[in-house]
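The chain contents come next:
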Amino acid sequence: KTRQEILVWTDLNLHAMRFVGAPFTFGFSLLASNVSVLSPNSVITVGDRVFWMDQENFYIYTGQVEALPCSVLKYVFDDVNIDQSRKFFAASNRMFNEVMWFYVSSDATEIDRYVKFNYGEGSWDIGALSRTAWIDRGIHANPRAIGSTFVYLHENGQNDDGSAMNSFIESGDFDIGDGEQFSFINKIIPDVDIVSTDSAAAIDYVIKTRNFPGDSLTTNSTSSVTSTTKQSFTRARARQTVLRIESNTLDMGWTLGDTRLELRPDGRR
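Because the structure is predicted, anything quoted here is derived from the model rather than measured. (Residues numbered from 1 in each chain as written. Predicted model: local features only at pLDDT ≥ 70, side-chain atom pairs only at ≥ 80, totals over all residues. Heavy atoms only, no water.)

Undergrad: Tell me about the overall build of the chain, and please be specific about residues and values.
TA: For the chain, the count of helices and strands is 1 helix and 25 strands. Projected onto its principal axes, the C-alpha positions of the chain cover 75 × 45 × 35 Å. Burial analysis of the chain (269 residues in total) assigns 39% to the buried set. Put simply, 53% of the contacts in the chain that link residues at least 6 apart link residues at least 24 apart. Looking at the chain, you have 25 positive and 34 negative side-chain charges, and the mean spots of the two groups are 3 Å apart. (Helix = DSSP H or I, 4+ residues; strand = E, 2+ residues; numbered from the N terminus. Buried < 20%, exposed > 50% of the residue type's maximum accessible area, 1.4 Å probe, protein only. Contact = heavy atoms within 4.5 Å. Lys, Arg positive; Asp, Glu negative; His and termini not counted. Charge placed at Lys NZ, Arg CZ, Asp CG, Glu CD.)

So, in structure tokens, the structure goes:
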């Protein structure tokens, strides 16, 4: 159900059902062909926007049907158990302008992964999490979800049920000239807001590198950063680089801004 219509999916098409009055009461119109939905619960409505997951893509309907550009599309659909697709479901987290899909990876039979889209920023992220149902904030102040054993209260506090929360965000590989040149990184200018009663609380900026696409990532350097750190010097030279920002400290939260790297082309030596 959307603002002025009800969307109806078949195996091949998407239709709109609208109230038109007597004598037929409702009328149907074709919105898009060759578009379906992966499961009955893989659709979520946020305001006047409808998001859903198909067998090969993610879509949005705002009066017209559009495929969502997705930077993790290959990661999701190359490792998904379609035979368990009726367990997949969509959810929303209005606290952070997010919609997400919980799904089963190819080696599993129960939900073990999620893919998330921030419609405010247009960004995607992925992760491992087992949830079978989700309700956004509204009746409750925070989202709640069900796992295999417990009901979880999300977006509450800074710890993992009394233990330190292993928090991190990691980029994909980035390079210069599509990997035709090596990169040299010698400085990080962090932009992070750390919330903690400990003034010395810190997070780690980890630089990982590899010289060839088939190589495993190697941790090149780790820089400890506090809220007052203006810059951190490092030395990393590689064809491809990954930046990971992480923490594992009790009673600490952080918000990431725009990290800057001093990066320039360099020869291999």
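Undergrad: Lay out the pattern of salt bridges with the relevant residues and their values.
TA: If charged atoms from side chains of opposite charge come close, those side chains can pair. With the rule as written, the count across this model stands at 14 salt bridges. Between E110 and K87 there is a salt bridge whose closest N-O contact spans 3.0 Å. Taken together, the residues E110 in the loop between β9 (98-103) and β10 (113-118) and K87 in the loop between α1 (73-77) and β8 (89-93) connect sequence positions 23 residues apart. Overall, K87 belongs to the partly exposed group, its relative accessible area being 32%. Residues participating in the shared-partner salt-bridge network are E170, K208, R244 and E246. (Salt bridge = Lys/Arg side-chain N within 4 Å of Asp/Glu carboxyl O.)

Undergrad: Run through the side chain of S247, naming residues and quoting values.
TA: Secondary-structure assignment places S247 in strand β23 (residues 240-247). Side chain to side chain, S247 and W254 meet in a polar contact 2.7 Å long. With near-sequence residues (within four places) excluded, S247 lies in contact with M165, N166, S167, I203, M252 and W254. (Polar contact = N/O pair within 3.5 Å; in protein donor to acceptor, adjacent residues only side chain to side chain.)

Undergrad: A description of the packing of aromatic side chains should follow, citing residues and the corresponding values.
TA: Evaluation of the coordinates by the stated rule reveals 15 aromatic pairs. Ring geometry for W9 and W52: centres 5.1 Å apart, planes at 70°, overall edge-to-face. Of the two residues, W9 is situated in strand β1 (residues 6-9) and W52 in strand β5 (residues 49-53); the sequence distance between them amounts to 43 residues. Between F58 and W101 the ring centres are 4.8 Å apart and the planes differ by 45°, which places this aromatic pair in the tilted class. Of this pair, F58 sits in strand β6 (residues 58-61) while W101 sits in strand β9, and the two are 43 residues apart along the sequence. (Phe/Tyr/Trp six-rings, centres within 6.5 Å; stacked < 30°, edge-to-face > 60°.)

Undergrad: Can you break down the sheet that holds β5 residue by residue, with the values?
TA: The 4 strands are arranged β4-β5-β6-β7 in an open sheet whose pairing can be described as antiparallel. Across the chains shown, the open sheet's two edge strands, defined by having one partner strand only, are β4 (43-46) and β7 (65-67). In this sheet, adjacent strand axes meet at a mean angle of 20° when their direction is disregarded. As defined by bridge partners, β5 adjoins β6 across 4 bridges and the pair is classed as antiparallel. Directly across from F51, in β6, lies its bridge partner I60. (Pairing = 2+ DSSP bridges. Axes fitted to C-alpha atoms, helices over the stretch in contact; angles between N-to-C directions.)

Undergrad: Could you give me a rundown of the sheet that holds strand β3 (residues 25-33), with the residues and numbers involved?
TA: Read across the sheet, 3 strands follow the order β1-β2-β3 without closing on themselves; strand pairing throughout is antiparallel. Unpaired on one side and paired on the other, β1 and β3 mark the two borders of the sheet. For this sheet the average axis-to-axis angle between neighbouring strands, irrespective of direction, equals 30°.

Undergrad: Let's hear about the pairing of β5: which residues, and what values?
TA: Most of β5 sits out of view: 4 of its 5 residues are buried. Pairing of β4 with β5, which is carried by 4 bridges, proceeds in the antiparallel orientation. Across the sheet, residue V43 finds its bridge partner in β5, namely W52. Turn length for the β4-β5 hairpin, with the two strands adjacent in sequence and antiparallel, is 2 residues, and the turn residue G47 shows positive phi of about 65°. Between β5 and β6, which pair antiparallel in sequence order, lie 4 residues.

Interpretation note: all reported values are geometric properties and have no functional meaning in isolation.
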